[in-house]
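# Working through the structure, step by step
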Amino acid sequence: MNNLRQALAGGLIAISAAIPATAETLKAEGGSAAGLSALVPQLMSKYTADMHEIRVNVDQTLTRSALKVANGQIDLASTPAGAFAKMQVGKGPFNKLGEEAVEASRNLRSLFSFLGGHIHVMTYADSGIGSWDQLKDKRVFVGPPAGSASAQTMGLIEAITGYKGGEDYEAIKLAWSAANQAFEDGKFDVFMRTGTVGSAAVDQFGAAKKFRLLGIPEDVLGTDAWAKYVSTPGYAADVLPAGSYENQVNNDADILATAYVMFISVHKDMSEDIAYQLTKAMFENLDDAHSVNAGLQPLTLDNAFVSLGAPLHPGAIRYYEEKGIEIPAHLQPGS
């Protein structure tokens, strides 16, 4: 499995086996190579290797990937649940597309949802930043220019402090790969970095100089601002357990962090058989998936529809009905 992760870091990977001559080659996209948005489609590639070749391109901006699925340019992608909600109304990262994004959203169907990871609010231990109010006038990396991550991180900062990007702090947007290097080079003060619990990629940032993680303050949890924040589709909160990171200076206590929900999107015209095979392969191999990354533990048949707003593909519905899973009315394709 280490070879699998090394291959992920390279950007484009396909797993092939004895694939039938009648099989289709599918194109897939995922986000940061260190995160579950890349790992989940890669595992699907592994689990369906005897039926199809799935070529997974990682480190992609997933709002763009959703549009590619909707336009038939690729076959499947990890899609942020919150971004899909914005796509449905042509807002947020889809604001410039307007009605075009709304129309595109009608082409998307889902297979299942999963917890995509947590946003690690990182600052180096010697930065002098130890609380959220100290983000005032600082340089803060919030996410890629065209992605949905920046909306979530800037919304988090505002919910906790009232600070607005561009007014109270400098909101820096870069591609993930460029941001990683820029943080190590001291180009910004705070890194809002996505990643799974205990991610080695996150811990690596503290190899030369230790970092601190800012958790969500307890006194924020009962506020109207926080209630509004967590009511946003695809947004959640989850614990980063104490001791998750060796190079974190404040790793002696649990930290509450914001988390995000993803789903696997496909085009509505995907073959029912292929959508069925993809869904079945993932859930028939959950033991392996859970062993690969602890962040996938919440993915079970019982949790397959968490924060899911995109209608299910008929092929996925066929699998769930075989397993006796009731399909919520709002996830029916004709809803």
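Now for a look at the structure at hand. Owing to the predicted nature of the structure, the values given are computational and were not obtained by experimental measurement. Per chain, residue numbering runs from 1 following the sequence as it is written. At least 70 in pLDDT is required for a residue's local features to be given in this predicted model, at least 80 for side-chain atom pairs to be given and counted, and no such filter applies to totals for whole chains, interfaces and linings, which use all residues. Only heavy atoms go into the side-chain values, all of them from the structure, while hydrogens and water stay out.

### Observations concerning the packing of helix α2 (residues 36-47) against helix α10 (residues 272-283)
Inter-axis angles, ranging from 0 to 180 degrees, are taken between N-to-C directions of lines fitted to C-alpha atoms, where helices are fitted over the stretch in contact. Helix and strand definitions here come from DSSP, where helices need a minimum of 4 consecutive H or I residues and strands a minimum of 2 consecutive E residues; each element is numbered from the N-terminal end. Axis separation between α2 and α10 bottoms out at 9 Å; the angle between their running directions is 100°. Taken together, α2 and α10 sit at an angle that is classed as roughly perpendicular. Contacts between α2 and α10 involve V40, L43, M44 and Y47 on the former and, on the latter, L278, A281 and M282. Gly counts as polar in this scheme, as do all residues outside two lists: the nonpolar Ala, Val, Leu, Ile, Met, Phe, Trp, Tyr, Cys and Pro, and the charged Asp, Glu, Lys and Arg. Split into classes, the residues belonging to the contact of α2 with α10 amount to seven nonpolar, no polar and no charged. What sets the label is the angle itself: under 35 degrees gives roughly parallel, over 145 gives roughly antiparallel, 65 to 115 gives roughly perpendicular, and the rest give oblique. What makes two residues a contact is simply this: any of their non-hydrogen atoms within 4.5 Å.

### Points about the pairing of strand β11 (residues 255-267)
β11 sits mainly inside the fold: twelve of its 13 residues count as buried. For strand β4 (residues 76-80) and β11, the ladder comprises five bridges, and the chain directions are antiparallel. For A77, the partnering residue across the bridge sits in β11 and is S265. At least two DSSP bridges between two strands are needed for those strands to be called paired. Here strand β5 (residues 108-124) pairs with β11 via eight bridges, running antiparallel. Its bridge partner being in β11, S110 is matched across the sheet by S265. Two elements, strand β10 (residues 235-240) and β11, share six bridges in a ladder whose sense is antiparallel. Within β11, the residue paired with Y235 across the bridge is Y260. Remark: exposure states derive from per-residue accessible area (1.4 Å probe, protein chains only) relative to the maximum for the residue type, with buried under 20%, exposed over 50%, and partly exposed in between.

### A closer look at the nonpolar core
Among soluble globular proteins, nonpolar side chains are generally buried collectively. We define a nonpolar core as any set of buried Ala, Val, Leu, Ile, Met, Phe, Trp, Tyr and Cys residues linked to one another through side-chain atoms lying within 4.5 Å. Membership of the largest hydrophobic core comes to 83 residues, with the highest contact counts inside it found for M87, F112 and Y320. Other than its neighbours up to four places away in sequence, F112 contacts V40, M44, M262, F263, I264, M282, F283, L299, A304 and Y320. Membership of the second largest hydrophobic core comes to 19 residues, among which are F141, F191, F211 and L213.

### A closer look at the side chain of R193
Looking at the secondary structure, you find R193 in strand β8 (residues 190-195). Just so you know, the count uses Lys and Arg for positive and Asp and Glu for negative, and it drops His and the chain ends. Each salt bridge in this description consists of a side-chain nitrogen of Lys or Arg and a carboxyl oxygen of Asp or Glu lying within 4 Å of one another. The buried charged residue R193 lacks any salt bridge, with D59 as its nearest oppositely charged partner at 7.4 Å. Those residues within four positions of R193 in sequence are excluded, and the remaining contacts are S32, A34, H118, I119, H120, M122, W176, N180, A201, V202 and F205.

### A few points about the environment of S113
When you line up the elements, S113 lands in strand β5. Distance from S113 to V69, taken between C-alpha atoms, is 16 Å for residues 44 residues apart in sequence. In this structure S113 touches V261, M262, F263, L299, N303, A304, F305, V306 and L308, once residues within four positions along its chain are discounted. Definition of a polar contact: a pair of N or O atoms within 3.5 Å, with one able to donate and the other able to accept a hydrogen when the atoms are protein atoms, and with sequence-neighbouring residues admitted only if both atoms are side-chain atoms. Polar contacts involving the side chain of S113 include one to the main-chain carbonyl oxygen of V306, which spans 2.8 Å.

### Description of the packing of aromatic side chains
Centres within 6.5 Å are what make two rings of Phe, Tyr or Trp a pair, Trp counting through its six-membered ring; a difference in plane orientation under 30 degrees is then read as stacked, over 60 as edge-to-face, and the rest as tilted. Tallied over the full model, the rule gives 20 aromatic pairs. With 5.2 Å between their ring centres and 70° between their planes, F141 and F191 make a pair best called edge-to-face. Taken together, the residues span a long stretch of sequence, with F141 in strand β6 (residues 139-143) and F191 in strand β8 at a distance of 50 residues. We classify F191 as buried; its relative accessible area is 0%. Here Y276 and Y319 contribute two aromatic rings whose centre-to-centre distance is 6.3 Å and whose plane-to-plane angle is 65°, an arrangement assigned as edge-to-face. Note that Y276 is positioned in helix α10 and Y319 in helix α12 (residues 314-322), a separation of 43 residues in sequence. Aromatic rings pair up to connect F112, F114, Y276, F283, F305, Y319 and Y320 into one cluster. Should the NZ of a Lys or the CZ of an Arg lie within 6 Å of a ring centre and within 35 degrees of the ring normal, that charge is described as sitting over the ring. The ring of Y124 carries K209 above its face, with NZ or CZ at 4.6 Å from the centroid.

### Remarks on the packing of α10 against α12
Direction vectors running N to C along α10 and α12 enclose 50°, while the axes themselves pass 6 Å from each other. In terms of axis orientation, α10 runs oblique to α12. The two elements α10 and α12 meet at a crossing, and its hand is right-handed. On α12, the residues touching E272, D273, A275, Y276, T279, K280 and F283 of α10 are P314, G315, A316, R318, Y319, Y320 and E322. For a crossing to be left-handed, the near helix must be turned anticlockwise from the far one by less than a right angle; the clockwise case is right-handed.

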